[in-house]
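Tertiary structure, described
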Amino acid sequence: MITKVLMPKLSDAMETGKVIKWLRKEGDTVKGGDVIAEIETDKANVEIEAFGSGVLRKIVVPEGDSVPVGDLIGVIADPSDDIANLAAAPKPAAPKPAAAPPATANAPAAGRPAAPAAATGPLPAMESYQSVPATTQVVPMAPAAAATVQPADGRVKASPLARKIAGQTGVDLRLIQGTGPGGRIIRRDVEAAQAAPRPAAAAGVLRPAAAPSRPDAAAFVVPPRPEAEFEDVAMTPMRAAIAKRMPMSKAPVPHFYVTSEVDMDAAWKLREQLNSLEGQPKISVTDMVVKATALALRKNPGVNAQLNGQAIRVHHRAHIGLAVALEQGLITPVLRDCDVKPLGRIAVESRDLAERARGGKLRAQEMSGATFSISNLGMYDVEEFSAIINPPEGAILAVGSVRQTPVVDDGEIRVGRRMKVTISCDHRVMDGAMGARFLQDVKRLLEEPLRLLV
Amino acid sequence: MAAQAFDVVVVGTGPGGYVSAIRCAQLGLSVATVEDDRPGGVCLNWGCIPTKSLLRNAEVVHLFERAAEFGIAVNDWKADYAQAVQRSRRVADRMAKGVEFLFRKNKITLFRGRGALTSAKVVEVTGGADGAHTLEARRAVILATGSEPRSLPGVTIDEKRIISSTGAVTNEGRPGSLVIIGAGAVGIEFADVYATYGVKVTVLEALPRVLPVEDEEVSALITRLFSRRDIAIRTGAKVKSVTPGASGIAVAVEAEGKTDTVQADQVLMAVGRAARTKGLGLEALSVATERGFVTVSAAMETSVKGLYAIGDMAGHQMLAHKAMAEGVVAAEAIAGQSPRPVDYGNVPSCTYCRPQVASIGVSEATARAGGREIAVGKFPFTASGKAVALGETDGFIKVVADKTTGELLGVHIVGPEATELIHEFAVGRTLEATLEEIVHTIHAHPTLSEAALEATLAALGHPIHI
């Protein structure tokens, strides 16, 4: 039996993929389920695994090369199979399973092995398959504990050798805990990360069984975190016009507001569970909102943006300003890199920041550099409110109380917990729909709060 | 007699002991040290320091011999070996006083005499000029008693005709002929000194090459250069017996299946050193040892809680700078810090003969045996402007790197100031620099260090000056 290994299509937008690494050599025996290669797409690194058993007879696409989706990248076959014409076959020889329709509940997953009947043709039986990504190693969603060592400025501290090995092996330095002086990532850390078990492969949770519980929902994917701290995107003519006009109508910053109500039942329950763990930092609702906001900002970079002269500065870091009420007014210390910090870390650091803010003990660098701010008046039993944007930031989220309120569930009235959040946006930088999409993501993250922990 | 209590008691004041004592004091601990000889230990009094003084003398003698080469006419000069030894004693005395000064400065109490443990935390000091003392350590005892010269079975060192390095640095007399048994750093350094002062030197080494811990190319070059100076080098030569007689000492040597005899006025035993652990009371406390060395953790703690051991007695390389590094680790661990453990794979090795030898990391052969693809770059000092101007062109720098990552696996230097040049690579390895970082570092011209840059470029395949 011959199995063709094809470049999988992992997202609608994906046109090409790059083979980062072959985990098996030509001549290695593989069986179904073995992870055989790592593929890099525009969004993530994924592993692909063998469907058929046999010998990895041919690696068609070497490491480091990119090919279009659906192209043959390797051949698995029995030692006796003649694959000569296959290895040389023109690219579109296989039907393009990559173009399979979006998976629905009753449709077979794209690229499942052909039915045995297909083997009765005159040619040797051939299977084309699309590997299901074994693990979508999306950068910011990976074990966040690893990211705790990152310095506040987002710079990764790593030795030249560690950088080099990481570059060659595809290890993401931002996810590694450094053990060198001052948390510097050194060779042994990268090697340990390489040797660490691949979560999904080890757990064996792959293929359709691992489908998300909400089959209609798109996976919540935060794009990889770019190296650069930010980028300046040229304004489109329309955006420039909006930017010019809006302040004239409502100077100096034209605000608009979007409010959404969040079902906090699950988040409340999770928080209670987390806070019953002994020796763990106590998590507040604000901490959960901070984490959800940070992740949503990374998915909606247009909201994590600000006017910068003639350009819009789009931030790739979620540095969150936390409004802290003081007797004499208000201060907004900055909790940096909330997108990659685990929830517990956010809890510890935000408490520390707030305490020191009240004590007047903040350091200068802790009072600037926010890319987005959050103001929570929930503790004052405020149902909802609108906040004023803290320039030069482009938006701020106002958080109301978590209130018990009658909700209708399957035609029954029961008591549920709800929270209203309102985003104020700078209309020169973004539009209502962007703010709404961002709020949708905040809402979804808080309503599926386990996502805050992964 | 009442016990005197200190936070830490350090037994032995060699480079490991005195450094750990000072570090403990810096960290706010009260410290007692125990020494049965002079502060500074073997290194400072009978080893590293006086030999460096003698080697400097040898270097000056060598330059006098080459005076004509520099257009300098020197008539009627004489190199007095006794005065060379006297100078080395003055150097050692000055450094020993320096240690005593540092003890006073750091308020460290020095007890003269031999220390022995009566429990893990109590040291009895006896045999000193100012009587016996009982020292109680509130926190920890650090053992740093070092090592002593080994001999061969049946050969007794009398420090007159059969001498160790200790005899060699103190004897003002100079034999007509000398057999050095052992071609490690000690044997090779004394071969250099004595040969320069006109002694007929024969070096016997049981292993196949001199400086056996160094890279093979290093051993080959030193053998060639020493042979050119009429130093007889016999490798693969096993000493069967050492027999003192009326007219000299007969050393029976077996090599390639044949036995012959080498006659000499004096024999220098340089076959290595053994940990000095006798009489310390380790057995009673059941302190774990391994092949004579005290077994320690990464924090230098022995199998007995609160009892630490550092330096030669604790194994690994028997080098002063390794002992000092261990002393700092022990002190910081005792003070409750979390020191980074000593990286025994990154200890520079130095031999101060002419030309000097220094290395760090693994040899080319070891790197190859490791199975990864390696890149080797070599640059001879003959191509270095500074070396040519100095008139010191013997030697090379050899860089062994991982071909894929550029990791600096090992660096081997023979040549002028090799023992200073090695630290560029020591720092590089500590920082996990790769070939590229060395190459991107601008090296001043003209310097010997440029050879480091060029050897690194050579490992990348594109040296400029060769």
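Residues numbered from 1 in each chain as written. Chains lettered and ligands numbered in written order. Predicted model: local features only at pLDDT ≥ 70, side-chain atom pairs only at ≥ 80, totals over all residues.

Attention now moves to the overall build of chain B. Looking only at helices and strands, chain B has 13 helices and 24 strands in total. Residue burial in chain B is summarised as follows: out of 466 residues, 48% are buried. Considering only contacts in chain B between residues 6 or more positions apart, those separated by 24 or more positions represent 65%. (Helix = DSSP H or I, 4+ residues; strand = E, 2+ residues; numbered from the N terminus. Buried ≥ 20, exposed ≤ 12 C-beta atoms within 10 Å, placed from the backbone. Contact = placed C-beta atoms within 7 Å.)

Here we take up the overall build of chain A. Scanning chain A from N- to C-terminus turns up nine helices and 21 strands. For chain A, buried positions account for 41% of its 454 residues. Considering only residue pairs separated by 6 or more positions, chain A has 66% of its internal contacts joining residues 24 or more positions apart.

Chain A puts nine residues into the contact, and the matching count from chain B is nine residues. A per-element tally of the side of chain A that touches chain B places helix 2 (residues 160-169) of chain A first, with six residues. Taken together, the residues of the side of chain A that touches chain B sort by class into five nonpolar, two polar and two charged. (Nonpolar A, V, L, I, M, F, W, Y, C, P; charged D, E, K, R; others polar.)

Time to look at the sheet that holds strand 12 (residues 238-244) of chain B. All names here are of chain B. Strands sit in the order 12-13-14 across an open sheet of three strands; the sheet is antiparallel. Single-partner strands in this sheet number two, and they are strand 12 and strand 14 (258-264). Shown here is a sheet whose adjacent strand axes are inclined to one another by a mean of 20°, direction ignored. Pairing geometry for strand 13 (residues 249-255) and strand 14, over seven bridges, is antiparallel. The partner of I249 across the bridge, within strand 14, is A264. (Pairing = 2+ DSSP bridges. Axes fitted to C-alpha atoms, helices over the stretch in contact; angles between N-to-C directions.)

Here we come to the sheet that holds strand 20 (residues 349-351) of chain B. All names here are of chain B. If you walk across this open sheet you meet the five strands as 20-21-24-23-22, and the pairing is antiparallel. Looking at the sheet topology across the chains shown, the edges are occupied by strand 20 and strand 22 (374-380). Taken over all neighbouring pairs, the strand axes of this sheet differ in orientation by 5° on average, direction set aside. Bridging between strand 22 and strand 23 (residues 396-402) involves seven bridges; their strand directions are antiparallel. Note that in strand 23 the partner of V376 across the bridge is V400. Along the sheet face, helix 7 (residues 216-228) touches strand 21 (356-361), strand 23 and strand 24 (408-415) and points at about 5° away from the line of strand 24. The strands touched by helix 11 (residues 418-430) are strand 20, strand 21 and strand 24; relative to strand 21, the strand with the most contacts, the crossing angle is about 10°.

Residues and elements named next belong to chain B. Judged from the five bridges that link them, strand 4 (residues 114-119) and strand 5 (residues 122-126) form a sheet pairing that is antiparallel. Bridged to G115 within strand 5 is V125. From the end of strand 4 to the start of strand 5, which pair antiparallel, there are two residues.

As a further point, take the environment of P181 of chain A. Its location among the elements puts P181 of chain A in the loop between helix 2 and helix 3 (187-195). Once the C-alpha coordinates of P181 of chain A and K157 of chain A are considered, the two residues, 24 residues apart in sequence, prove to be 9.9 Å apart.

What follows is about the environment of V99 of chain B. All names here are of chain B. Along the chain, the position of V99 falls in helix 4 (residues 81-105). Classification of V99 by C-beta neighbours within 10 Å gives buried; the count is 27. Other than its neighbours up to four places away in sequence, V99 contacts T13, Y18, P39, G40 and L44.

Per-residue confidence for chain B gives a mean pLDDT of 96, with 100% of residues at or over 70. Scored as a complex, the prediction yields pTM 0.60 and ipTM 0.76. (pLDDT = per-residue confidence, 0-100.)

All names here are of chain B. Along its 12 residues, helix 6 (residues 185-196) runs 17 Å from first to last C-alpha, staying within 8% of the 16 Å computed at 1.5 Å per residue. Within helix 6, 12 of the 12 residues are buried, leaving the element largely enclosed by the surrounding structure. Listed in full, the buried residues belonging to helix 6 are A185, V186, G187, I188, E189, F190, A191, D192, V193, Y194, A195 and T196. Taken from the residues just after helix 6, G198 is the one with a positive phi, measuring 90°. (Expected span 1.5 Å × (residues − 1).)

This brings us to helix 1 (residues 15-26) of chain B. Residue and element names in this part refer to chain B. Compared with the 16 Å implied by 1.5 Å per residue over 12 residues, the 16 Å span of helix 1 between its first and last C-alpha is a close match. Taking burial as the measure, the 12 residues of helix 1 include 11 buried ones, the bulk of the element. Taken together, the buried positions of helix 1 are P15, G16, G17, Y18, V19, S20, A21, I22, R23, C24 and A25. Turning to helix 1, the residues buried within the fold contact strand 1 (4-11), strand 2 (31-35), helix 2 (41-46), helix 4, strand 6 (133-143) and helix 8 (320-334).

Quick look at the pairing of strand 15 (residues 266-269) of chain B now. All names here are of chain B. Both faces of strand 15 are covered, namely the face carrying Q266 and L268 and the face carrying V267 and M269. In this structure, strand 8 (residues 162-163) lies alongside strand 15, joined through two bridges in parallel fashion. When the bridges of strand 15 are listed, I162 appears paired with V267. In terms of strand pairing, strand 9 (residues 177-181) meets strand 15 through four bridges, oriented parallel. Residue pairing across strands places I180 opposite L268, the latter belonging to strand 15.

Looking now at unusual backbone geometry. With glycine set apart, most residues show a phi of negative sign, and most peptide bonds adopt trans. Residue P355 of chain B is bonded to the preceding R354 of chain B through a cis peptide linkage, with omega at -10°. Of the consecutive residues H445 of chain B and P446 of chain B, the connecting peptide bond is found in the cis state with omega at -5°. For D410 of chain A, which is not glycine, the phi dihedral falls at a positive 55°. Of note, the phi angle at D230 of chain B is positive, near 65°, even though the residue is not glycine. Along the chain, the position of D230 of chain B falls in the loop between helix 7 and strand 11 (232-235).

Let us now look at the environment of G385 of chain B. In this structure, G385 of chain B sits in helix 10 (residues 385-390). The sequence separation of G385 of chain B and H465 of chain B amounts to 80 residues, and the corresponding C-alpha distance is 9.8 Å.

Quick look at the nonpolar core now. If you look at the biggest cluster of nonpolar residues, it comprises 141 residues, and the most contacted ones within it are V9, V141, I180 and Y308 of chain B. Counting residues per element, this core draws most heavily on helix 8 of chain B, which supplies nine residues. Discounting chain neighbours no more than four positions away, the residues touching Y308 of chain B are A140, V141, I142, L143, M300, E301, T302, A330 and I334 of chain B. Ranked by size, the runner-up nonpolar core spans 59 residues in total, among them A267, A387, A398 and V399 of chain A. (Core = buried A, V, L, I, M, F, W, Y, C linked by C-beta atoms within 7 Å.)

Further remarks concern the confidence of the model for chain A. Residues and elements named next belong to chain A. Predicted confidence across chain A gives a mean pLDDT of 75, with 72% of residues reaching 70 or more. Mean pLDDT in chain A bottoms out at strand 10 (residues 136-137), which sits at 28, and peaks at helix 7 (residues 285-299), which reaches 95. Within the model, the stretch residues 89-152 combines pLDDT values under 50 with 119 contacts to residues more than four positions away or in other chains. Contacts from residues 197-216, a stretch scored under 50 in pLDDT, to residues over four places away or in other chains number 21 contacts.

With that out of the way, let us pick up the packing of helix 7 of chain A against helix 9 (residues 432-447) of chain A. All names here are of chain A. Between helix 7 and helix 9, whose axes approach to 9 Å, the crossing angle comes to 135°. Classified by the angle their axes make, helix 7 and helix 9 are oblique. When the axes of helix 7 and helix 9 are compared, the crossing they make is right-handed. Contacts between helix 7 and helix 9 involve M288, A292, T293, L295, A296 and K299 from the former and F438, D441, V442, L445 and L446 from the latter. (Parallel < 35°, antiparallel > 145°, perpendicular 65-115°, else oblique. Left-handed = near helix turned anticlockwise from the far one by under 90°.)

Residue and element names in this part refer to chain B. At a minimum axis distance of 8 Å, the contact between helix 3 (residues 48-65) and helix 4 shows a crossing angle of 140°. With respect to each other, helix 3 and helix 4 are oriented oblique. Every pair of crossing elements has a handedness; the one defined by helix 3 and helix 4 is right-handed. Of the residues in helix 4, those in contact with I49, P50, S53, L54 and N57 of helix 3 are A84, R87, S88, R89, V91, A92 and M95. Taken together, the residues of the contact of helix 3 with helix 4 break down into seven nonpolar, three polar and two charged.

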